[in-house]
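# Coordinates in review
What follows is the residue order along each chain.
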Amino acid sequence: MSSAEDPSARVEALRRLIDYHDDRYYVFDDPEIPDAEYDRLWWELQALEAAHPELITPDSPTQRVGGRPLETFATVEHRVPMLSLDKTKTEEALDKAKTEDAMREFDKRMRKDLSREVVRYLAEPKLDGLAINMTYEDGLLTLAATRGDGRFGEDVTAQVRTIKSVPPRLRGQGWPRLMEVRGEVVLPKVGLEAINELARIEGGKVFANPRNAAAGSLRQLDPRITAQRPLTIFCYGFGAIVGGPLADTQSASIERLRGWGLPVSPEVKVLEGVDSCIDYFHDIGNRRADLDYDIDGVVFKVDALSDQALCDQRQAEEARFDSPSPFPRWAKAYKFPPEEALTIIEAVSFDVGRSGAVTPVAHLKPVKVGGVTVSKATLHNMDEVKRKDFRPGDTVFVRRAGDVIPQIPRVLIERRPVGALPVELPTSCPVCGSEVSKSEGEAKARCTGGLYCPAQRKRAILHFASRRAMDIDGLGEEIVDQLVDRGLVRDPADLYTLRLEELADLNLMGDKSAQNLLSAIDRSRSTTLARFVFALGIPDVGEASAQALADHFGDLESLMAVTSKDFLLQRGIPGVGKERAPRIIGFLTKYPRAEPAAGQELADWLANQFRPRISSKIANAIAERFPTVEALREAGTEDLRNHPHVQVAGIGEKVANQIVRFFAQQHNREVIQHLIAAGIQWPRPRDRAGAKSPLEPPLSDRTIVITGTLSRPRDEIKDWLLSLGARVSGSVSAKTDYVLAGNEAGSKLNMAKNLGVRVISEEDLHRLLTGGKL
Ligand code: IVH
């Protein structure tokens with residue numbers, strides 16, 4: 001039945017389909033359809049609901065994107081209090097033998113309580129997140145609350161509804177009329193990395209660990225924020241259940257939850273006796289770093305519910321003499337050694353990476369974290385240092401999860417010694433002394449030393465020699481490492497003074513290959529300006545930008561003399577930005593009707609038409625530049641809008657600054673001089689200008705765009721065309737001479753047809769090159 005006939009049936013069907021695929025994805029980890037197909041179902045449902053708002057129900061998957069923000073969280077009382085677990089102390093966790101003893105102790109007490117030789121346990125990871133109590137009534141999620149103090153929690157229903165793995169409606173059948181399900185909301189490790197990366201770029205809050213991030217994401221008054229966090233949940237227990245328990249054992253009950261679409265940890269196991277429990281503890285501990293989410297230990301629970309009840313009874317009897325315990329006696333958590341410790345920042349230094357990134361590093365008083373001694377930790381970047389206000393002398397938390405590099409999540413300000421000074425970014429590179437630059441809005445500071453900086457030297461030389469740059473065949477990583485380590489090459493210019501004996505003396509190098517390398521170096525002396533510019537390794541200047549720079553400036557001298565102004569030109573009408581410009585032009589093109597033709601009249605008309613958005617001052621300025629309505633309409637948004645226009649194809653403000661800065665460095669200018677002195681050369685622009693000489697490459701000055709599948713890899717075809725003197729561009733424009741189209745050519749082919757650009761095949765090209773005509 002189509003949605004036009006019965007939208008409510010279609011909405012219902014879509015919801016069931018989406019629920020089903022959510023299950024495949026989140027519960028069984030085994031999706032059946034590609035994401036795009038899933039998205040299509042989702043959008044169809046959303047569109048139908050938008051057209052028929054009366055069909056929206058709170059359990060619709062679309063409602064998971066988060067509703068309106070709340071003023072405060074309401075307090076709710078759990079029907080059955082949420083208890084916590086008795087767990088091993090930190091000293092026990094640090095000592096493997098003590099942990100094992102504690103497990104045997106627990107097992108001994110259980111065997112005694114239950115008068116049993118061997119007890120069966122349910123073992124599962126202790127998840128490091130936030131405990132949640134979810135109430136399902138008639139299969140529908142009606143309430144979700146945080147644990148709070150165990151009796152009263154906060155109502156986070158709207159937030160929990162945004163978690164994709166939480167079913168708003170239980171699948172299957174046979175669920176109790178009312179049931180409280182308990183579980184842990186966690187943030188997968190990758191999710192934490194992604195959130196923190198974004199926070200670092202945008203200057204938001206960086207979370208110290210997944211638990212903080214899970215809690216911070218869930219306890220958001222605005223559920224739309226929660227919806228953007230990739231939270232998930234694992235269910236491990238129950239509160240009130242109307243109509244009695246789900247099964248006879250903890251494990252079977254959990255299985256029923258899984259059947260109803262509630263996620264359960266895949267690590268849950270039923271074990272006989274304490275030895276298997278000890279093995280399980282160590283096994284999970286060893287795999288801890290590989291799990292997708294953080295765990296801080298393992299929980300063992302007596303599996304049979306009747307046995308749990310027996311324990312509770314014992315406990316109640318004993319409580320008559322003792323103070324009551326907040327922990328059930330039939331469960332116990334064993335913690336892994338903490339991966340967090342306190343220490344002191346002794347100093348902060350700066351490391352320079354192979355790409356020039358200048359990174360602050362904390363030198364710590366050595367401390368054991370998760371079984372490993374840590375004495376250094378990255379502070380990431382200066383924004384992070386300032387935000388967290390790390391200073392030498394500070395007492396800080398050090399954290400180490402799995403094999404990842406140690407992190408410093410936070411400082412204990414209250415322990416800061418008097419006179420501790422803030423960390424400052426050095427103005428010059430600690431390795432080479434070049435200027436250190438940090439652009440506004442960019443987190444990383446960089447050494448501008450480029451080719452000159454030893455920290456960047458090997459990488460700079462490899463880049464210089466790479467195929468698309470100077471194309472020095474045979475100059476690979478092992479060779480460059482040796483050349484730099486032996487002090488034979490300090491910058492790329494030194495390559496051109498290498499002697500055969502020096503090369504032949506390197507490991508992995510015979511006389512023959514030394515000779516070959518020497519010839520390759522020699523051959524690289526003849527190149528193109530674009531390749532040379534690319535080879536310099538100016539930050540952010542890739543191959544296409546290098547080509548654009550070479551085309552635009554024509555010679556190296558002009559390029560080396562550039563200022564920022566050479567790259568950007570302010571155009572348009574001041575006061576007309578990206579909002580007003582399209583509005584004005586859109587209006588003019590959409591509603592052609594009698595308008596005043598020109599001059600002051602046009603200005604007054606504009607001011608009147610767009611009042612109060614456009615002042616008469618702006619309207620006058622527009623009419624002055626575009627004196628008639630036709631001129632204005634033709635100009636279009638781009639000419640009207642006041643913004644910097646890029647002068648050189650693809651080079652925006654950021655790259656322009658990098659280029660100017662690069663050539664301003666004396667070291668870089670020196671290396672370039674040495675390279676030129678070594679005999680590197682390329683065709684000069686005056687050699688290219690004028691009529692084609694018979695010696696000129698056949699395609700010189702032709703711009704060609706490649707599209708579709710050709711007889712050889714695209715890179716090869718591109719090299720071939722370049723060697724024939726062509727310019728190879730990535731996009732079709734009116735300036736394109738030919739589009740070289742292979743099989744399955746797509747949008748570029750259409751574009752060429754629209755613009756009337758000549759489309760040729762590989763065969764056509766061969767014919768052209770062998771003197772034939774197209
Ligand atoms: S069972 C009666 N199982 O640990 C037992 N709790 O200290 C109630 N937790 O608040 C809890 N993983 O936040 C249980 N597999 C697991 C758990 C788990 C993490 C948390 C939970 C609880 C705290 C208990």
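Once a new chain begins, its residue numbering starts again from 1 and follows that chain's sequence as written. The model is predicted, so local features are restricted to residues of pLDDT at least 70 and side-chain atom pairs to those at 80 or more, both for listing and for counting; the totals for chains, interfaces and linings are taken over all residues. Hydrogens and water are ignored here; the side-chain numbers use all heavy atoms of the structure.

### Examining the overall build of the protein
Within the protein, the secondary structure is distributed over 29 helices and 22 strands. Computed over its C-alpha atoms, the radius of gyration of the protein comes to 35 Å, more than 25% above the 28 Å expected for a compact globule of 774 residues. Principal-axis analysis of the C-alpha atoms gives the protein an extent of 105 × 80 × 60 Å. For each residue, the accessible area found with a 1.4 Å probe, counting protein chains only, is set against the maximum for its type, and the residue is called buried under 20%, exposed over 50%, and partly exposed in between. Buried positions account for 46% of the 774 residues belonging to the protein. Note on conventions: DSSP H or I runs of at least 4 residues are helices, E runs of at least 2 residues are strands, and numbering of each starts at the N terminus. Radius of gyration: C-alpha atoms only; globule rule: 2.2 Å multiplied by the number of residues to the exponent 0.38.

### Some details on the pairing of strand S9 (residues 295–302)
Across the eight residues of S9, eight count as buried, placing the element largely inside the fold. A strand pair is defined by DSSP finding two or more bridges across the two strands. Where strand S2 (residues 120–127) lies against S9, seven bridges are found, and the strand directions are antiparallel. Across the sheet, Pro125 pairs through a bridge with Val298, a residue of S9. Examined bridge by bridge, S9 and strand S10 (residues 331–335) share five bridges and lie antiparallel to one another. Residue pairing in the sheet places Lys301 in a bridge with Ala331 of S10.

### Points about the pattern of salt bridges
For this document, the term salt bridge refers to a Lys or Arg side-chain nitrogen within 4 Å of an Asp or Glu carboxyl oxygen. On inspection of all chains with the given rule, the structure shows 40 salt bridges. Linking Lys458 and Asp481 is a salt bridge whose minimum nitrogen-to-oxygen distance equals 3.6 Å. One end of the pair, Lys458, is in helix H13 (residues 454–465); the other, Asp481, is in helix H14 (residues 477–485), with 23 residues separating them in the sequence. Among the residues examined, Asp481 registers a relative accessible area of 28% and is labelled partly exposed. Measuring nitrogen to oxygen at the nearest pair gives 2.9 Å for the salt bridge that ties Lys458 to Asp485. Residue Lys458 is found in helix H13, and its partner Asp485 is found in helix H14; the two are separated by 27 residues along the sequence. Lys458 gets classed as buried once you look at its relative accessible area, which sits at 19%. A single network of salt bridges, built from pairs that share partners, joins Glu12, Arg15, Arg16, Asp19, Glu49, Arg169 and Arg171.

### A look at the nonpolar core
Formed by 57 residues in total, the largest nonpolar core has its most connected members in Ile472, Leu475, Leu495, Tyr496, Leu549 and Ile659. Looking at this core, the elements that each hand over two or more residues are H13, H14, helix H16 (511–523), helix H17 (529–535), helix H18 (543–553), helix H19 (556–560), helix H24 (653–664) and helix H25 (666–677). With six residues, the top contributor of residues to this core is H17. By definition in these notes, contact holds between two residues if any of their heavy atoms fall within 4.5 Å. If near-sequence neighbours (up to four positions away) are discounted, Leu495 is found in contact with Ile461, Phe464, Ile472, Leu475, Leu483, Val489 and Ile521. For this analysis, a nonpolar core means a set of buried residues of the types Ala, Val, Leu, Ile, Met, Phe, Trp, Tyr and Cys, connected via side-chain atoms within 4.5 Å.

### A look at the sheet that holds strand S7 (residues 232–241)
An order of S4-S3-S6-S7 is seen for the four strands of this open sheet, with the pairing classed as antiparallel. Every other strand in the sheet has two partners, leaving strand S4 (140–146) and S7 as the edge strands with one partner each. Each neighbouring strand pair of the sheet contributes to a mean axis angle of 30°, computed without reference to strand direction. Fitted lines through C-alpha atoms give the axes, limited to the stretch in contact for helices. The angle between two N-to-C directions lies from 0 to 180 degrees. The sheet contacts of helix H9 (residues 250–259) involve strand S6 (178–186) and S7, and relative to S7 the element is tilted by about 115°.

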